[in-house]
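Now for the letters of each chain:
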Amino acid sequence: MVKKMLWIVGGVVLAALLLAGGFLLYVTVTDYRPGKTEPIAVANNPDRVLETGNAFTVTTFNIGYAGLDRDQDFFMDGGTGSGSRSKRQTELNLRGMGTFLSGNRSDFIFIQEVDVNSTRSYRLNEAEALKEYLPKYSFSYADNYKVPWVPVPVFHPMGHARGGLLTLAKYKSSSATRYDLPGKEKWPKQQFDLDRAFIESRIPVNNGKELILANLHLSAFDQGGSIRKQQLQFMKEYMKKEAEKGNYVILGGDWNHSLPGTDPKAFKTTQSWPEWLQPFPENVLPEGFHWAVDKTVPSVRTVDVPFKEGINFRAVIDGFLVSPNVDILKVEGHDLKHEHSDHNPVTAEFVLK
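Residues numbered from 1 in each chain as written. Predicted model: local features only at pLDDT ≥ 70, side-chain atom pairs only at ≥ 80, totals over all residues. Heavy atoms only, no water.

Participant: Is there a simple way to think about the overall build of the protein chain in this case?
Facilitator: The helix and strand inventory of the protein chain stands at 4 helices and 17 strands. At 21 Å, the protein chain has a C-alpha radius of gyration in line with the 20 Å of a compact globule built from 353 residues. Taken along its principal axes, the extent of the C-alpha atoms in the protein chain is 85 × 45 × 40 Å. Split into buried and exposed, the 353 residues of the protein chain put 53% on the buried side. Contacts spanning at least 24 positions in sequence make up 75% of the contacts within the protein chain whose residues lie at least 6 apart. Counting only carbon and sulfur atoms, one obtains 56% of the accessible surface of the protein chain, whose full area is about 16100 Å². (Helix = DSSP H or I, 4+ residues; strand = E, 2+ residues; numbered from the N terminus. Rg over C-alpha atoms; globule rule 2.2 N^0.38 Å. Buried < 20%, exposed > 50% of the residue type's maximum accessible area, 1.4 Å probe, protein only. Contact = heavy atoms within 4.5 Å. Areas by Shrake-Rupley, 256 points an atom, 1.4 Å probe, with all protein chains shown as cover.)

Participant: Just checking my understanding: could you explain a nonpolar patch on the surface for this structure?
Facilitator: Residues Val-152, Val-154 and Phe-155 make up a contiguous nonpolar surface patch of roughly 360 Å² in combined accessible area. With respect to the helices, strands and loops of the structure, Val-152 is situated in the loop between β4 (138-150) and β5 (159-169). (Patch = residues over 30% accessible without salt bridge, like charges linked within 9 Å, V, L, I, M, F, W, Y side chains within 5 Å. Salt bridge = Lys/Arg side-chain N within 4 Å of Asp/Glu carboxyl O.)

Participant: Before we go on, may I ask you to explain helix α3 (residues 126-133) in this structure?
Facilitator: Residues separated by three or four positions in an α-helix point in the same direction, a consequence of the helix having 3.6 residues per turn. Where α3 is concerned, the buried positions are Glu-126, Ala-127 and Leu-130. Buried residues of α3, viewed axially, fall in a sector of 100°; they line one side. The inward-facing, buried residues of α3 abut α2 (87-104), β3 (108-115), β4 and β5. In this structure Asn-125 caps α3, since a side-chain oxygen of it lies 3.3 Å from the backbone nitrogen of Ala-127. (Arc of directions from axis to C-beta. Polar contact = N/O pair within 3.5 Å; in protein donor to acceptor, adjacent residues only side chain to side chain.)

Participant: It is not clear to me how the pairing of strand β17 (residues 346-352) should be interpreted in this structure. Could you clarify?
Facilitator: Working note: regular strand, side chains alternate between the two faces of the sheet. Of all the 7 residues making up β17, 6 are buried; the element is thus mostly covered by neighbouring parts of the structure. The sheet contact formed by strand β2 (residues 56-62) and β17 spans 5 bridges and is antiparallel. Following the sheet pairing, Val-58 is matched in β17 by Ala-348. (Pairing = 2+ DSSP bridges.)

Participant: Even after reading the chapter, I still don't get the pattern of salt bridges, so can you show me in this structure?
Facilitator: Working definition: two side chains of opposite charge can pair if their charged atoms are close together. Within this structure, the stated rule accounts for 18 salt bridges. Two residues, Asp-180 and Lys-184, come together in a salt bridge whose shortest N-O distance is 3.5 Å. The exposure class of Asp-180 is buried, given its relative accessible area of 14%. On the accessibility criterion, Lys-184 (38% relative accessible area) is partly exposed. Here Asp-327 makes a salt bridge to Lys-353, at a shortest N to O gap of 3.5 Å. Residue Asp-327 is found in strand β16 (residues 326-333), and its partner Lys-353 is found in the segment after β17; the two are separated by 26 residues along the sequence.

Participant: Would you mind going over the packing of α2 against α3 with me for this structure?
Facilitator: For any two helices packed against each other, the geometry is given by the interaxial angle and the distance between the axes. As a packed pair, α2 and α3 sit with axes 9 Å apart at the nearest point and diverge in direction by 40°. When the axes of α2 and α3 are compared, the pair comes out oblique. With respect to the hand of their crossing, α2 and α3 are arranged in right-handed fashion. Of α3, the residues touching α2 (which contributes Thr-90, Leu-94, Arg-95, Gly-98, Thr-99 and Ser-102) are Glu-126, Ala-129, Leu-130 and Tyr-133. Counted by class, the contact of α2 with α3 contains 4 nonpolar, 4 polar and 2 charged residues. (Axes fitted to C-alpha atoms, helices over the stretch in contact; angles between N-to-C directions. Parallel < 35°, antiparallel > 145°, perpendicular 65-115°, else oblique. Left-handed = near helix turned anticlockwise from the far one by under 90°. Nonpolar A, V, L, I, M, F, W, Y, C, P; charged D, E, K, R; others polar.)

Participant: Teacher, can you tell me more about the packing of aromatic side chains here?
Facilitator: Working definition: an aromatic ring pair is given by the centre-to-centre distance plus the angle between the planes. Scanning the entire structure with this criterion turns up 17 aromatic pairs. Here the aromatic residues Phe-56, Phe-108, Phe-110, Tyr-171, Phe-320 and Phe-350 are joined through ring pairs into a cluster of three or more. (Phe/Tyr/Trp six-rings, centres within 6.5 Å; stacked < 30°, edge-to-face > 60°.)

Participant: How do you make sense of the side chain of Asp-69 when you look at a structure like this?
Facilitator: Turning to its location among the elements, Asp-69 is positioned in the loop between β2 and α2. A distance of 3.0 Å separates a polar atom in the side chain of Asp-69 from a polar atom in the side chain of Asn-93. Residue contacts for Asp-69: discarding those within four places in its chain leaves Arg-85, Gln-89, Asn-93, Arg-301, His-338, Glu-339, His-340 and Ser-341.

Participant: What should I look at first to understand unusual backbone geometry in this one?
Facilitator: Most peptide bonds are trans, and most residues other than glycine sit at a negative phi. Of note, the amide linkage connecting Val-152 to Pro-153 takes the cis form, showing an omega dihedral of -10°. Assignment of secondary structure puts Pro-153 in the loop between β4 and β5. Although it is not a glycine, Lys-337 sits at a positive phi angle of roughly 60°. With respect to the element layout, Lys-337 can be found in the loop between β16 and β17.

Participant: For this particular structure, what's the right way to read the sheet that holds β2?
Facilitator: Strand pairing in a sheet takes place through backbone hydrogen bonds and is either antiparallel or parallel in direction. If you trace the 6 strands from one edge of the open sheet to the other, you get β4-β5-β3-β2-β17-β16, paired in mixed fashion. Edge positions in the sheet fall to β4 and β16, since each of these pairs with one other strand and no more. When strand polarity is set aside, the average angle formed by the axes of neighbouring strands in this sheet is 15°. Relative to β2, α2 is tilted by about 170°, and along the sheet it contacts β2, β3 and β17. Each of β3, β4 and β5 is contacted by α3, which is oriented at about 145° to β3, the strand it contacts most.

Following this line, the structure appears as structure tokens:
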């Protein structure tokens, strides 16, 4: 009897090991491996050309896959949630954010964490959903998260994941390109992690130069920050190269750093500074580049617990970095109270010299 039980237990353990090994082999073989640069389509591209001296606006908004509204938490930040509460809530969040963006009427919009076919957001195509609210814009989409199955948390796995970045424009784009960012986690962690990237949009200007827009979403949870350092160094070299050509450069999005000129202590909280949040390093900027941030409005909250005013730690991690030939006229963080996302949008008004 004991021998029989040992055989049964051994068989179960062997089956589990074979299943786990087969799964790891599957996600390794099917791992998303984008090129260093890849051209992406610009749908609904307008003919309107940007002119120097004319003011224009850019908004950045991390929409948290339309699943991180004020009542949600997330397991990667210490909570338990791994997806939106329901399909209906996901749709309501998309409606709220789409309505805001439509009413805000920015000339360019950078959106991060846009799911197009993920278990956590009920496989809704959020890029297509947002198009309904913003029909007068061009659209450029690029993946930065493409995993067959994320098996954690164990009892409520995040499941299939596909999402990315979305850039919208009211002005003509001559091209759009996905740039893969350096720095990867070790195997097998990377097989379940994001492939960080940014979308470059090249906007012709009436003086023969180009406005280079970069919609980015940098790493946050890499241990020791080595990946973030590689990404920031890459962005520094990229910015410098474009500025030396005489082009105008605006980088915006979710930097996952506490941005210069801002201080999280300005926002009331009962929580301590989270481990993942680092101050933006001082030696990264090319000469003359400057920040467009609103230090008075937090752009992100912690998601270890649902949002409650005065409880969650908040900071400014969303904003813009611009070249010396771009003037900043105004920056406004929109305090939406994290109603539909763990982030708040930020809008800046610029003029090209």
